[in-house]
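The primary structure of each chain is shown beneath.
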Amino acid sequence: MESKQLKWIYLLVLALIWGSSFILIKKGLLGLSAIQVGSLRIIFASFFLLLIGFKSLMLIPKSKWKYIAITALFGTFFPAFLFAIAQTELDSSVTSILNSLTPLNTLAIGALFFGIGFQRKQLLGVLIGLLGSLLLVYNGALNNPEQNYYYTLLIILASFCYATNVNLIKRHLFDVSPVSITTGNFVVLLIPAILILVFSGFPEQIYLEKTQKAVCFILILGVLGTGIANILFFKLIQIASPVFAASVTYLIPVVAFFWGLLDNEMLTPIQFFGAFIILIGVYLSARK
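Trainee: Before we go on, may I ask you to explain the overall build of the protein chain in this structure?
Mentor: Each helix and strand in the protein chain was counted, giving 13 helices and zero strands. Listed by position from the N terminus, the elements making up the protein chain come as α-α-α-α-α-α-α-α-α-α-α-α-α. In summary, the protein chain has a C-alpha radius of gyration of 19 Å against a globular reference of 19 Å for 288 residues, a match within 12%. For the protein chain, the spread of C-alpha atoms along the three principal axes comes to 45 × 45 × 40 Å. Burial status across the protein chain gives 51% buried among its 288 residues. Long-range contacts, defined here as pairs at least 24 residues apart, represent 89% of the contacts in the protein chain between residues at least 6 apart. As displayed, the protein chain has an accessible area near 14,300 Å², and 72% of this comes from carbon and sulfur atoms. In the protein chain, the 18 positive side-chain charges and the 9 negative ones have mean positions that sit 18 Å from each other.

Trainee: Help me understand the side chain of T226 in this model?
Mentor: Relative to the assigned elements, T226 resides in helix α10 (residues 209-239). On the basis of relative accessibility, which here comes to 10%, the residue T226 falls in the buried class. T226 has contacts with R41, A45, F186 and L221, leaving out every residue within four places of it along the chain.

Trainee: Which parts of the structure should I look at to understand the packing of aromatic side chains?
Mentor: Each aromatic ring pair is specified by the distance between its two centres and by the angle formed by the two planes. Throughout the structure, instances matching the rule amount to seven aromatic pairs. Note on F257 and F272: the rings are 5.0 Å apart at their centroids and 75° apart in plane angle, and the pair reads as edge-to-face. Pair noted here: F257 is in helix α12 (residues 248-262) and F272 is in helix α13 (residues 269-286), with a separation of 15 residues, a long-range link. A connected cluster of aromatic rings, assembled from ring pairs, spans F74, F77, F78 and F81.

Trainee: Sorry if this is basic, but what is going on with the packing of helix α3 (residues 65-86) against helix α7 (residues 152-172) here?
Mentor: The relative placement of two packed helices comes down to the angle between their axes together with the axis-to-axis distance. Here α3 crosses α7 at 165°, and the two axes come no closer than 9 Å. The angle between α3 and α7 falls in the class roughly antiparallel. Regarding α3 and α7, the two cross each other, and that crossing is left-handed. Listed contacts from α7 to Y67, I70, T71, F74, G75, F78, P79, L82, F83, I85 and A86 of α3 are L154, I155, L157, A158, C161, Y162, T164, N165, L168, I169 and H172.

Trainee: Explain a nonpolar patch on the surface to me, please; I cannot follow it from the model alone.
Mentor: A grouping of F47, I191, I194, L195, V198 and F199 is seen on the molecular surface, where their side chains present a nonpolar patch of about 620 Å² in accessible area. If you tally residues by element for the nonpolar patch, the top one is helix α8 (residues 178-198), at four residues. The topology assignment puts I191 in helix α8.

Trainee: Help me understand α7, please; the structure alone is not making it clear to me.
Mentor: Every α-helix winds through 3.6 residues per turn, so residues three or four apart in the chain are directed the same way. The end-to-end C-alpha distance of α7, which contains 21 residues, comes to 30 Å, matching closely the 30 Å that a straight helix rising 1.5 Å per residue would cover. For α7, the complete set of buried residues consists of T152, I155, A158, S159, C161, A163, T164, N165, N167 and L168. If you follow the buried residues of α7, they end up packed against α3, α4 (92-99), α5 (102-113) and α6 (120-143).

Trainee: Even after reading the chapter, I still don't get the nonpolar core, so can you show me in this structure?
Mentor: Counting residues in hydrophobic clusters, the biggest one holds 65 residues, and the most contacted among them are L32, L40 and I42. Look past the residues within four positions of L32 in its chain and what remains in contact with it is V37, L40, F202, Q205, T211, A214, V215 and I218.

Thresholds, definitions, all that
Residues numbered from 1 in each chain as written. Predicted model: local features only at pLDDT ≥ 70, side-chain atom pairs only at ≥ 80, totals over all residues. Heavy atoms only, no water. Helix = DSSP H or I, 4+ residues; strand = E, 2+ residues; numbered from the N terminus. Rg over C-alpha atoms; globule rule 2.2 N^0.38 Å. Buried < 20%, exposed > 50% of the residue type's maximum accessible area, 1.4 Å probe, protein only. Contact = heavy atoms within 4.5 Å. Areas by Shrake-Rupley, 256 points an atom, 1.4 Å probe, with all protein chains shown as cover. Lys, Arg positive; Asp, Glu negative; His and termini not counted. Charge placed at Lys NZ, Arg CZ, Asp CG, Glu CD. Phe/Tyr/Trp six-rings, centres within 6.5 Å; stacked < 30°, edge-to-face > 60°. Axes fitted to C-alpha atoms, helices over the stretch in contact; angles between N-to-C directions. Parallel < 35°, antiparallel > 145°, perpendicular 65-115°, else oblique. Left-handed = near helix turned anticlockwise from the far one by under 90°. Patch = residues over 30% accessible without salt bridge, like charges linked within 9 Å, V, L, I, M, F, W, Y side chains within 5 Å. Salt bridge = Lys/Arg side-chain N within 4 Å of Asp/Glu carboxyl O. Expected span 1.5 Å × (residues − 1). Core = buried A, V, L, I, M, F, W, Y, C linked by side-chain atoms within 4.5 Å.

Structure, rendered in C-alpha cells:
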C-alpha cells in the first residue's frame, strides 16, 4: 500500500484509539478509584512497552536519563491521574475537547520558557482557543449544575503538562529515538505506579466483579491507547509530515463526542460553538 493511503489509515486509527480513551477512563471509574485508574493505566502500558521496546533502552545515553525521568512525570504520570480525577466529575466529551488545548499550550510554554519564536497569528490562535475554552466551561457549568466544572482546571493543567513535555523533548531529547523515550518513561514510572496501586486498596477489591470489569477497560486503555497508539504515531511521523500527524488533534474530540452520545452525554449548542472556537484556535496556532 502506498504511503499516501497508509498515512490516512494511520491517522483515522489513531483518532479512533485516542478518541476512545476518554470513554474507557469513564468505564474504568465505575469499579475503580481515580488513583487506581491512573496507576493501572501506567502499569499495563509499561509491561507492554517493555515487551516490545526493552532493547531500545540501551540506546539512551546515561546523561539523558534525568530528562527521561522529567518527561515521564510531565508526559505520562501527572496527566494519567489528572484525567482520571477530572472525569469523576466531568463528561468524557468535555474532557476530550479541553485536551485539544495542548497544541496551544505547547506554543505558549515554548515562547515563555524555551525561547521559541512565534508569529502574531499563532498568538491570535492561543487567545481564540482560550476564549473557546472559557465559553465551553462557563456554559457547561450553567447547564450541568450536578457536575463540578472546577475540575476542568485539572484537564487544563494536564494539557500544560503535555505541552511542557513536548518542549522538553524538543530541547533535550531530540537525538533519542521516540521508542527509547517512551519505553524509558514507563520504566521510570513502573515501580511508583505499582506502589500507588498497592496502597490504594486495590488488592482487597480485586475479587469484586465490578472491579474486574473495570480493570479490563483500563487494560485496553493502557495497551491500545498508550502502547500501540504510540507505535502507530511514530510510524505516521515517519511516512508523513509532523503537521499531518498533529492533525489527529482535530479528530479526537469528534470520536470522543460520539462515544459520549452512546453513553447519554450531550453538549449544549453553546458548548458546540465553544468547541468549534477551540479548534479554530488550534488550527491558527499550528500554521507556519
